[in-house]
Amino acid sequence: MKLASKLRRFYHRVQFGREHSSKRGLRSASDNGLYPAFCRKAAANSLLFSQFRRHSVYNQILEHVPQARGQRYLDHVAEHYPDLLERYDDFRINDTVGYPRTFEFEGIGTTSPTTLRYVKVAGQIRELFGENLEGDIAEIGGGYGGQLLVLDQLVGFRRYTIFDLAPVNLLVERYLDCFVLNGGYATTTLNQCAGDHQFDLVISNYAFSELPQAVQQTYIAKVISRSKRGYITMNSGKPGTAFFDGRMTLEQLEAALPAFEIVEENKFGAGEYIIAWGHKTAPKSRARVNTKRH
Ligand SMILES: C[S@@+](CC[C@H](N)C(=O)[O-])C[C@H]1O[C@@H](n2cnc3c(N)ncnc32)[C@H](O)[C@@H]1O
């Protein structure tokens, strides 16, 4: 590590402290000591909160979608869900808090590439599961709540529960309470969940896939296997994926999850894929189907 980055790391440790949510072996990539401590501080400190989305500590985990990738999400939305561009201002509210990095995009003006990703995911969820999701949604690893906020603008839901680390949930609540939502939300942790609740849809993007295997298995038992429908963006499970080591393999997932289909593969990142089950449209030419019946 170069001296300058060592010094920056030391400075951040002094500024934010150090906090791990889980013991060694049960930590996700983001449970790195600094990010949970930063989230706790950003939730409590108005100045830090006002610009948390462009802080270098936060950007190691979130809000790091480059402009070029944002353009690819925009192109996808323009091709598949063009009506969303006509009402892009509804989604731009996700750019109004936390001072995100924004760029100019042709046709829609200035926005954050991360917001564009949330809009692409929301469009795909609407395509797969319909306009009104109703019921109870669970999201594993909700970031700061941006996906929830964009979905709240696009589809109807009754209750949306974000499962994340306890200090991250503080930031989610501070963020979401800046807005007025149509649906209701709650935050919780894996351990606060008794595993006796039925969800209508579980969502997880770049989060369930980054958890250690033991934690993945408990999320499957308590949340995922109890969800009628599912949408999970994966960056682990297959050799060559960013988080392959120490996570469940695709074969293990096929044995443990409800029967799913890979609905998108290698489109936005090498090795990344999206699995879904319980969806109404099963577009042709989609890759692989797990035929296990539940
Ligand atoms: C790379 S971020 C993705 C965030 C968000 N899904 C998105 O698409 O922007 C990973 C998320 O997983 C969360 N996370 C880490 N460990 C977790 C755990 N044990 N349970 C739930 N979420 C966790 C992080 O706090 C973070 O919100």
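What counts and what doesn't
Residues numbered from 1 in each chain as written. Predicted model: local features only at pLDDT ≥ 70, side-chain atom pairs only at ≥ 80, totals over all residues. Heavy atoms only, no water. Near = heavy atom within 4 Å. Polar contact = N/O pair within 3.5 Å; in protein donor to acceptor, adjacent residues only side chain to side chain. Areas by Shrake-Rupley, 256 points an atom, 1.4 Å probe, with all protein chains shown as cover. pLDDT = per-residue confidence, 0-100. Contact = heavy atoms within 4.5 Å. Pairing = 2+ DSSP bridges. Helix = DSSP H or I, 4+ residues; strand = E, 2+ residues; numbered from the N terminus. Axes fitted to C-alpha atoms, helices over the stretch in contact; angles between N-to-C directions. Phe/Tyr/Trp six-rings, centres within 6.5 Å; stacked < 30°, edge-to-face > 60°. Buried < 20%, exposed > 50% of the residue type's maximum accessible area, 1.4 Å probe, protein only. Core = buried A, V, L, I, M, F, W, Y, C linked by side-chain atoms within 4.5 Å. Salt bridge = Lys/Arg side-chain N within 4 Å of Asp/Glu carboxyl O. Right-handed = clockwise from strand over helix to strand, strands pointing away. Disulfide = S-S within 2.5 Å.

**Observations concerning the site of the ligand**
- Every one of the 20 residues lining the ligand counts as a neighbour, but Ser28, Tyr118, Gly141, Asp164 and Tyr219 are closest to it.
- At 3.0 Å, a backbone N or O of glycine 143 approaches an oxygen atom of the ligand.
- At a separation of 2.9 Å, a nitrogen atom of the ligand approaches a polar backbone atom of asparagine 205.
- When isolated, the ligand has an accessible area of 590 Å², and the protein chains bury 95% of it.

**A look at the confidence of the model for the protein chain**
- Put simply, the protein chain has an average pLDDT of 93, and 95% of its residues get 70 or more.
- Across residues 283-289, where pLDDT falls below 50, the model places 14 contacts with residues more than four positions away in sequence or in other chains.

**Remarks on the sheet that holds strand β5 (residues 184-188)**
- Pairing is mixed in the open sheet, where 7 strands are placed in the order β5-β4-β3-β6-β7-β9-β8. Looking along the sheet, the strands with just one partner apiece sit at the ends: β5 and β8 (261-265). Averaged over all pairs of adjacent strands, the angle between their axes in this sheet comes to 15 degrees, without regard to strand direction.
- Two elements, strand β3 (residues 132-140) and strand β4 (residues 156-163), share 7 bridges in a ladder whose sense is parallel. Each residue of the ladder has a partner; that of aspartate 136, found in β4, is arginine 159.
- Helix-sheet contacts for helix α9 (residues 146-154) involve β3, β4, β5 and β6 (199-205), and the interaxial angle to β4 is about 175 degrees.

**So, the packing of aromatic side chains**
- Under the counting rule described, the total for this entry stands at 15 aromatic pairs.
- Summarising the aromatic geometry, the rings of tyrosine 144 and tyrosine 175 are spaced 4.7 Å apart at their centres and angled 75 degrees between planes, so their arrangement reads as edge-to-face. Here tyrosine 144, found in the loop between β3 and α9, pairs with tyrosine 175, found in helix α10 (residues 166-176); they are 31 residues apart in sequence, far enough to count as distant.
- Its relative accessible area of 0% is what places tyrosine 144 among the buried residues.
- Relative accessible area serves as the criterion here: at 0%, tyrosine 175 is assigned to the buried category.

**Looking at the nonpolar core**
- In this structure, Phe52, Tyr58, Ile125 and Tyr175 are the most contacted members of the largest nonpolar core, which totals 61 residues.
- For this core, the element with the most residues is helix α8 (residues 113-129), which contributes 8 residues.
- Ignoring any residue separated from it by four or fewer positions in sequence, one finds tyrosine 175 in contact with Phe49, Phe52, Arg53, Asn94, Val97, Tyr144 and Leu149.
- Residues Phe163, Ile224, Ile232 and Leu257 belong to the second largest nonpolar core, which totals 25 residues.

**Focus on the pattern of salt bridges**
- Summed over all chains, the structure comprises 10 salt bridges.
- Salt-bridge contacts for arginine 92 lead to aspartate 89; the nearest nitrogen and oxygen are separated by 2.8 Å.
- Residue classification places arginine 92 among the partly exposed residues on the basis of a relative accessible area of 22%.
- Taking the shortest distance from any N to any O, the salt bridge between aspartate 136 and arginine 158 comes out at 3.2 Å. Here arginine 158 lies in strand β4 and aspartate 136 lies in strand β3, a separation of 22 residues in the sequence.
- Look at arginine 158 and you get exposed, because its relative accessible area is 57%.

**Looking at the pairing of β6**
- Burial runs high along β6: 7 of the 7 residues are buried.
- Alignment of β3 against β6, held across 3 bridges, turns out to be parallel. By the bridge assignment for β6, isoleucine 137 is matched with leucine 201.
- Between the parallel pair β6 and strand β7 (residues 227-234), the chain is carried across by helix α11 (residues 213-222), and the sense of this crossover is right-handed.

**A word on the state of the cysteines**
- Inspection of the entire model under this criterion finds 0 disulfides.
- Among the cysteines around cysteine 39, which has no disulfide bond, cysteine 178 carries the closest sulfur, lying 15 Å off.
- Residue cysteine 39 is classed as buried on the basis of its relative accessible area of 0%.

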